[in-house]
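Observations on chain architecture
If you want the building blocks of each chain, they are given just below.
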Amino acid sequence: QWYQRRVRVSIFNKTIAEYDDELKKDTVVQNHLKALYDNLLEKNLVRIIEPYSRVQIAHVAETINLPYDIVEKKLSQIILDKKFSGILDQGSGVLIVYDGSESDQTYTYALDTITHMGKVVDVLFKKAQKLS
């Protein structure tokens, strides 16, 4: 099962290369294929790095059978998009994975409080208008 997922990226790349001339003619198809490739690569990379707390980027690239620079760029994009929590130590070529920590709810609670206070002020204002 895991091997089949890994092969899918390779097969996808080979198929795109094989039918490159036909696919370059249609920009809509190109855009969809790029989105599909990005999504497929992202999901496969996340599956590979999930069990690790530290993993060599070269190992990830070898596992997914892609060049180091492509894997490194995609991993940094995944981290920046906050789809995965970690940092890339480019000096040592290591991805350091953080546990998915629960986000601080203070901001959400503060927004809810402000929203409710706004409703209270609106109701009080309407009642004050009726009294005058």
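The structure we're discussing is the one just above.
A brief look at the structure comes next. Bear in mind that the values here come from a model prediction, so they are computed numbers and not experimental data.

Re the overall build of the protein
- When helices and strands are counted, the protein shows six helices and three strands.
- The order of helices and strands in the protein, counted from the N terminus, is α-α-α-β-α-α-β-β-α.
- Here the protein has a C-alpha radius of gyration of 24 Å; the compact-globule value for 132 residues is 14 Å, and the former is much larger.
- In the protein, which comprises 132 residues, the proportion classed as buried is 23%.
- Summed over its atoms, the accessible surface of the protein is roughly 10000 Å², and 56% of this surface lies on carbon and sulfur atoms.
- Between the centroid of the 18 positive side chains of the protein and the centroid of its 18 negative side chains there is a distance of 7 Å.

A word on the sheet that holds strand E2 (residues 86–89)
- Strand order in the open sheet made by the three strands is E1-E3-E2, with antiparallel pairing throughout. Every other strand in the sheet has two partners, leaving strand E1 (54–56) and E2 as the edge strands with one partner each. Averaged over all neighbouring strand pairs, the angle between strand axes comes to 20°, with direction disregarded.
- Alignment of E2 against strand E3 (residues 94–97), held across four bridges, turns out to be antiparallel. Within E3, the residue paired with Ile 87 across the bridge is Ile 96.
- Sheet strands in contact with helix H4 (residues 57–64) are E1, E2 and E3, and its direction is about 65° off that of E1.
- Packing against the sheet, helix H5 (residues 68–80) makes contact with E2 and E3, and its axis sits at approximately 150° to E2.

Notes on unusual backbone geometry
- Even without being a glycine, Asn 65 presents a positive backbone phi close to 65°.
- With respect to the secondary-structure elements, Asn 65 resides in the loop between H4 and H5.
- Look at Asn 65 and you get exposed, because its relative accessible area is 56%.
- In the Ramachandran plot, Lys 82 falls in the positive-phi region, its phi being about 60° despite a non-glycine side chain.
- With respect to the helices, strands and loops of the structure, Lys 82 is situated in the loop between H5 and E2.

Description of the packing of H4 against H5
- In the contact formed by H4 and H5, the axes pass within 9 Å of each other and the chain directions differ by 110°. In this view, H4 runs roughly perpendicular relative to H5, as classed from their interaxial angle. Of the residues in H5, those touching H4 at Ile 57, Ala 58, Val 60, Ala 61 and Ile 64 are Tyr 68, Val 71, Glu 72 and Leu 75.

Section: the nonpolar core
- The biggest cluster of nonpolar side chains holds 21 residues, and the ones touching the most others in it are Leu 45, Ile 49 and Val 71.
- Of all the secondary structure elements, the ones that give two or more residues to this core are helix H1 (2–18), helix H3 (27–49), H4, H5 and E3.
- Residues contacting Val 71, with those up to four places away along its chain left out, are Leu 45, Ile 57, Val 60, Ala 61, Ile 64 and Leu 66.

The rules behind each value
Residues numbered from 1 in each chain as written. Predicted model: local features only at pLDDT ≥ 70, side-chain atom pairs only at ≥ 80, totals over all residues. Heavy atoms only, no water. Helix = DSSP H or I, 4+ residues; strand = E, 2+ residues; numbered from the N terminus. Rg over C-alpha atoms; globule rule 2.2 N^0.38 Å. Buried < 20%, exposed > 50% of the residue type's maximum accessible area, 1.4 Å probe, protein only. Areas by Shrake-Rupley, 256 points an atom, 1.4 Å probe, with all protein chains shown as cover. Lys, Arg positive; Asp, Glu negative; His and termini not counted. Charge placed at Lys NZ, Arg CZ, Asp CG, Glu CD. Pairing = 2+ DSSP bridges. Axes fitted to C-alpha atoms, helices over the stretch in contact; angles between N-to-C directions. Contact = heavy atoms within 4.5 Å. Parallel < 35°, antiparallel > 145°, perpendicular 65-115°, else oblique. Core = buried A, V, L, I, M, F, W, Y, C linked by side-chain atoms within 4.5 Å.

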